[in-house]
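A structural walkthrough
Residues per chain, in single letters:
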Amino acid sequence: MLCNRLILHRSKRLLFYGSPVRWNHTDLPKNNLNEKYIRNIGILAHIDGGKTTTTERMLFYSGKTHSLGEVHHGNTVTDFLSQERERGITICSAAVSFDWRDHRINLLDTPGHIDFTMEVEQSLAAVDGTVVILDGSAGVEAQTVTVWGQADRHRLPRLVFVNKMDKESADFEGCLQEIRQKLGVTPLPLQMPLRENNKLNGIIDILAGTEIRFDEKTTGRTFQQLPLQGKNLEQVRSNLYQVIDALSGMDDNLAQAIIESDSMENLAPELVLRAIRDCTLKQQIVPVLLGSAYKNIGVQLLMDGVLRYLPAPNERNKIYDSFGSEFVGKISKVTHDKQRGPLSLVRVFRGELKKGAKITTAKGVTESVQRIYAPWADEYREISSVGPGNIGLCAGPKSTVTGDLVVANASVLRSALKKMSSSKFEEVDEDEILAKKLSLQTVVPDAVYFCSIEPASSAYQTALDNALKAMQREDPSLRVSYDETTMQTVLGGMGKLHLEIVKSRIMSEYKIDVDLGPLQIAYKETLEQGCRGSWTAEKEIAGHKQLVRMELSIHEEKKDERFILDNSPEAQDNLKLIRPRQMSFIRKGCLAALERGPKLGGQLMGVAITIHNLTIGKGTADTFIMAAAAQSVQHVLSTAKCRLMEPIMLLEVAMPAEYVGTVLADLSKRRCTVLDVSSRGQTHKVLSANAPLAELDDYSSEVRRISSGTASVSMQPNGYELLSELDEESAIRRAHGLE
């Protein structure tokens, strides 16, 4: 029988678990390790899902650490910031490398809090696959859906680890159901929980048909495998056939083998394992494993799953083949170290990056790599080079930013782009290849809060500006601007916690005493109806007359085009006289003006500009053209009727069933729209609602108060909605400090 053959096949391998190979820092393989022995993975989850704890166990079982770090003790490897250890949450993604079964695993531990979603976005640009961790008692939570969508955008294969299965309320089948419903994918459970006396005592391996019991005395380092008997054996056999049946509908080789043998009984184990891997890489299925990282159950099996089911670097990123053996990499993140200065985390796709080498960005800037370090959270071990498929930290580049493509030299990039635009890909211009084919457009979320920031003394203003510039380079979701009206520096962030952490880091790392102004909601604006107007900008600068005359209309955006040229014959006769370079500056000026609306200075949403007539005087400077275009748009907007739009949050409250009525009554006072109330286990309910951000000030504390500390809440941005006239007036008064 297949089940018995798989048991025999796996039992030989499982004997190795009892005495895992140990490595020290100096025992890592060479940096030019063959790509098929490398795995670059990201750990994703909702806040408190167990990402950092799982990472700590991986480091411990691989031999990279000799004691188990705990989040509540503040001694984990990847949570190295003082703010992370104080709050018990991950704020900055951290990279570590370790070996497991002759493979190198480069792992990025990412934050789970929505305020630091940009850290997740940066990390996903550097990995080839992800492990998504679920809380076995909570299932698919709000931030899980968010990070899953981010992984979808990067087209990353992934596997799921259902953590915290030691909890009495853990529900493995319920998690599988939520994966299907909320994430819209096909889960393939490869394990079952082994429960006795309502306690997780081990794991049942469906493919091997064995039960695995972990030894508490050795902190899970050793464990036993035992053959299944009785009801468990029959259940596993049934589940195994379900796995094979699901795979056979997706994998032609497996289906053909079943047809030829006219049975599922005599399949080669390797054929089943290969089908799981192939379907995972094609993102047709998601393998699901389980365990309890805190109780030291199942982490070694998870690491085996990473090697077996997630892709090696040479199985992805085929587009970089056009670079041949020449170096090409991508900057996924920039961090700042007190002694070493800015450090760029580079993922090498092809070629080798060596210490002392020159690199060129896609923008044409050439810089020198002074040193290269192997990633180990906030510690650094200097190495001489980084080979293809690996990740390293580079000291030296001063201008690189997140998303930058870096190559050996400009000629290598030109040659590769020429190959892409000819043989393999349709003919497009180089900018389009860089933006679309090489995915250099980093998705930066909109800020939902903003506030002013000021140093205690004006003598520290320059130091503060430099600190903010460094932090903004590290975290693109931090928006820094200068308000000429109030003459203040304004910060925009993803939430209150985000801005509080920025303040804390400036005070602790840069030693600058700063004050934050009151938090303001980041409202946006939109047009109630279209408008049309004209504007003439005329000035003499250094004896040269500067002239720009424009006629334009501002209207509802259609087909994702925000800048449009009137295609009527009369307009075309005029517009075709404008040179392409001048038109590009007109476009930049117009779009820049849409970033600041007339009511509260919020970004204009769903709005486009159509140019009808344009006159540019001879000798007019490009900068004057761009400024004149912005003035023209602002002039027309000043006569338009605009409306405010407020940010809406998707709220998810988990609570005991007896508190549903109390929470619903509280939400009704906050202009919320309840979307769903679902059951979670026997005693808990989960309430989903759309809620205005303005009504959620310190809501997590309030919901704990009204539920006697038993409810938990999570939220994430969920678009914008128009304010009523009454609420709009109130919002404007609050923004001006009148309420």
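For the structure itself, look to the data block above.
Residues numbered from 1 in each chain as written. Predicted model: local features only at pLDDT ≥ 70, side-chain atom pairs only at ≥ 80, totals over all residues. Heavy atoms only, no water.

Points about the sheet that holds strand β7 (residues 191–196)
The test is simple: Strand pairing is assigned whenever DSSP detects at least two bridges linking the two strands. Note on conventions: DSSP H or I runs of at least 4 residues are helices, E runs of at least 2 residues are strands, and numbering of each starts at the N terminus. Inter-axis angles, ranging from 0 to 180 degrees, are taken between N-to-C directions of lines fitted to C-alpha atoms, where helices are fitted over the stretch in contact. Throughout, a residue-residue contact means that at least one pair of heavy atoms, one from each residue, lies within 4.5 Å.
Reading across from one edge, β7-β8-β9-β10 is the order of the four strands in this open sheet, with antiparallel pairing throughout. The two strands at the open ends of the sheet, each matched to only one other strand, are β7 and β10 (223–227). On average, each strand axis in the sheet is inclined to that of its neighbour by 30 degrees, with strand direction left out of account. Pairing analysis gives five bridges linking strand β9 (residues 210–214) to β10, with the strands arranged antiparallel. Across the sheet, the residue bridging to isoleucine 212 is glutamine 225, located in β10. In the packing of helix α7 (residues 230–248) onto the sheet, contacts are made with β7 and β8 (199–205), and the angle to β7 comes to roughly 160 degrees. Contacts between helix α10 (residues 299–309) and the sheet are confined to β7, β8, β9 and β10, with β9 contributing the most and set at about 125 degrees to the helix.

Structural notes on unusual backbone geometry
Keep this limit in mind: Working definition: with a 1.4 Å probe on protein chains only, accessible area under 20% of the residue-type maximum means buried, over 50% means exposed, and in between means partly exposed.
The backbone phi angle of aspartate 48 is positive, close to 65 degrees, even though this residue is not glycine. As for its position among the elements, aspartate 48 is in the loop between β1 (38–45) and α2 (51–61). Using a relative accessible area of 54% as the deciding quantity, one classes aspartate 48 as exposed.

So, the pattern of salt bridges
The criterion, for reference: Whenever Lys or Arg places a side-chain nitrogen within 4 Å of a carboxyl oxygen from Asp or Glu, that contact is recorded as a salt bridge.
Going through the model one piece at a time under the given rule, you end up with 35 salt bridges. Residue lysine 164 is joined to aspartate 135 by a salt bridge in which the shortest nitrogen-to-oxygen separation is 3.9 Å. Within this pair, whereas lysine 164 is found in the loop between β5 (158–163) and α6 (172–183), its partner aspartate 135 is found in strand β4 (residues 129–135), the two being separated by 29 residues in sequence. Residue class for lysine 164 comes out partly exposed when judged on its relative accessible area of 21%. With a shortest N-O distance of 3.7 Å, glutamate 216 and lysine 199 are connected by a salt bridge. In this pair, glutamate 216 is assigned in the loop between β9 and β10 and lysine 199 in strand β8, connecting sequence segments 17 residues apart. Given the relative accessible area of 43%, lysine 199 is considered partly exposed. Here the salt bridges do not stand alone but share partners, grouping Glu528, Lys599, Lys641, Arg643 and Glu728 into one network.

Brief notes about helix α20 (residues 725–735)
What counts, and what does not: Throughout, the arc means the angular range of directions from the helix axis out to the C-beta atoms.
Among all positions in α20, only Glu728, Ser730 and Ala731 are buried. The buried side chains of α20 occupy one side of the element, clustering within an arc of 165 degrees when seen end-on. Away from its buried face by more than 90 degrees, α20 exposes Glu725 and Leu726. Residues of α20 that are buried in the fold lie against β32 (642–656).

As for the sheet that holds strand β31 (residues 607–616)
The four strands lie next to each other as β28-β29-β31-β30, forming an open sheet whose pairing is mixed. The two strands at the open ends of the sheet, each matched to only one other strand, are β28 (531–541) and β30 (563–565). Geometrically, the sheet is characterised by an average inter-axis angle of 30 degrees between neighbouring strands, direction not taken into account. Pairing of β28 with strand β29 (residues 544–556) involves 11 bridges; the strand directions are antiparallel. Along β29, the bridge assignment pairs cysteine 531 with isoleucine 554.

Notes on the side chain of threonine 280
Along the chain, the position of threonine 280 falls in helix α9 (residues 269–281). Beyond its immediate stretch of four places on either side in the chain, threonine 280 contacts Pro157, Arg158, Ile285, Pro287 and Tyr309.

Observations regarding the packing of aromatic side chains
This is how the line gets drawn: The criterion for an aromatic pair is that two Phe, Tyr or Trp rings (for Trp, the six-membered ring) have centres within 6.5 Å, with stacked assigned to planes under 30 degrees apart, edge-to-face to planes over 60 apart and tilted to the rest. Only Lys NZ and Arg CZ are tested; either one counts as a charge over a ring when it is within 6 Å of the ring centre and within 35 degrees of the ring normal.
Tallied over the full model, the rule gives four aromatic pairs. Residues tyrosine 320 and phenylalanine 323 carry aromatic rings whose centres are separated by 6.2 Å and whose planes lie at 35 degrees to one another, so their mutual orientation is tilted. We classify tyrosine 320 as buried; its relative accessible area is 4%. Seen in terms of ring centroids, tyrosine 320 and phenylalanine 349 are 4.1 Å apart; in terms of plane orientation they differ by 5 degrees. Their pairing is stacked. Highlighted residues: tyrosine 320 in the loop between α10 and β12 (328–337) and phenylalanine 349 in strand β13 (residues 341–350), separated in sequence by 29 residues. Residue classification places phenylalanine 349 among the buried positions, given a relative accessible area of 4%. Three or more aromatic residues link up through ring pairs in this structure, and these residues are Tyr320, Phe323 and Phe349. Between the NZ or CZ atom of arginine 158 and the centre of the ring of tryptophan 148, over which it lies, the distance is 4.6 Å. Its end group placed over the ring of tyrosine 373, arginine 340 keeps NZ or CZ at 5.1 Å from the ring centre.

A few points about the side chain of aspartate 99
Of note, aspartate 99 is situated in strand β2 (residues 94–100). What makes aspartate 99 buried here is its relative accessible area of 1%.

A look at a nonpolar patch on the surface
Counted only if it meets this: The residues that make up patches have over 30% relative accessible area and no salt bridge, and they are joined within 9 Å when like-charged or within 5 Å when they are Val, Leu, Ile, Met, Phe, Trp or Tyr. Areas reported here follow the Shrake-Rupley algorithm with a probe of radius 1.4 Å; residue values treat only the protein chains shown as occluding.
Together, Leu664, Val674 and Val677 line one region of the surface with nonpolar side chains, adding up to about 200 Å² of accessible area. Among the structural elements, valine 674 can be located in strand β33 (residues 673–680).

Considering helix α16 (residues 580–593)
Rules: By this rule the span expected of a helix is its residue count minus one, scaled by 1.5 Å.
In this model α16 runs 20 Å from its N-terminal to its C-terminal C-alpha over 14 residues, within 8% of the 20 Å that 1.5 Å per residue would give. Considered for burial, the residues of α16 that qualify are Gln582, Met583, Phe585, Ile586, Gly589, Cys590, Leu591 and Ala593.

Section: the environment of arginine 347
Short version of the rule: Counting of polar contacts relies on pairs of N or O atoms within 3.5 Å, with two restrictions inside protein: one atom must be capable of donating a hydrogen and the other of accepting it, and residues adjacent in sequence are counted only when both atoms are side-chain atoms.
Tracing the backbone through its elements, the reader meets arginine 347 in strand β13. When the C-alpha atoms of arginine 347 and lysine 333 are compared, they prove to be 9.7 Å apart, with 14 residues separating the residues in sequence. Contacts of arginine 347, omitting those with residues within four sequence positions, involve Asn40, Ala126, Val127, Asp128, Pro313, Asn317, Val328, Gly329, Lys330, Gly389, Asn390 and Ile391. Side-chain polar atoms of arginine 347 contact the backbone oxygen of alanine 126, separated by 3.0 Å.

As for the state of the cysteines
Inclusion rule: When two cysteine sulfur atoms lie within 2.5 Å, the pair is treated as a disulfide.
Scanning the entire structure with this criterion turns up zero disulfides. Of the cysteine sulfurs around cysteine 642, a residue in no disulfide, the closest is that of cysteine 531, at 7.2 Å. When its relative accessible area of 3% is taken as the criterion, cysteine 642 is described as buried.

Re the nonpolar core
Cut-off, in case you're wondering: The set of buried Ala, Val, Leu, Ile, Met, Phe, Trp, Tyr and Cys residues whose side-chain atoms join them within 4.5 Å is what this entry labels a nonpolar core.
Residues Val131, Leu247, Leu254 and Ile276 are the most contacted members of the largest nonpolar core, which totals 52 residues. If we skip the residues at most four places from it in the chain, leucine 247 touches Leu188, Leu254, Val272, Ala275, Ile276, Cys279 and Ile285. In terms of nonpolar packing, the next biggest core, distinct from the first, is built from 39 residues, Leu124, Leu156, Leu200 and Leu343 among them.

Re the packing of helix α13 (residues 461–474) against helix α14 (residues 496–509)
Applicable threshold: Should an angle fall under 35 degrees it is taken as roughly parallel, and over 145 as roughly antiparallel, whereas 65 to 115 is taken as roughly perpendicular and any remaining angle as oblique. Crossing handedness: left-handed means the near helix sits turned counterclockwise from the far one by under a right angle, and right-handed means the same turn made clockwise. We call Asp, Glu, Lys and Arg charged. Ala, Val, Leu, Ile, Met, Phe, Trp, Tyr, Cys and Pro are nonpolar, and the rest, Gly among them, are polar.
The N-to-C vectors of α13 and α14 enclose an angle of 125 degrees; their axes lie 11 Å apart at closest approach. By the angle between their axes, α13 is oblique relative to α14. Where α13 crosses over α14, the two elements pack in a sense that is right-handed. For the pair α13 and α14, contact is made by Leu464, Leu468, Met471 and Glu474 and by Val502, Arg505 and Ile506, respectively. Here the contact of α13 with α14 is built from residues that sort into five nonpolar, no polar and two charged.

Thoughts on the pairing of strand β20 (residues 391–395)
Counting buried positions over the five residues of β20 gives five, a clear majority of the element. With burial as the criterion, each face of β20 is covered, one bearing Ile391, Leu393 and Ala395 and the other bearing Gly392 and Cys394. Bridge analysis of β13 against β20 gives five bridges, and the strand direction is antiparallel. Residue leucine 343 lies in a different strand from β20, and its bridge partner there is alanine 395.

Brief notes about the environment of leucine 547
Residue placement: leucine 547 occurs in strand β29. Distance in space between the C-alpha atoms of leucine 547 and lysine 618 is 8.0 Å, their sequence separation being 71 residues. Apart from residues no more than four positions distant in its own chain, leucine 547 is found in contact with Thr536, Ala537, Glu538, Thr615, Ile616, Gly617, Thr620 and Phe624.

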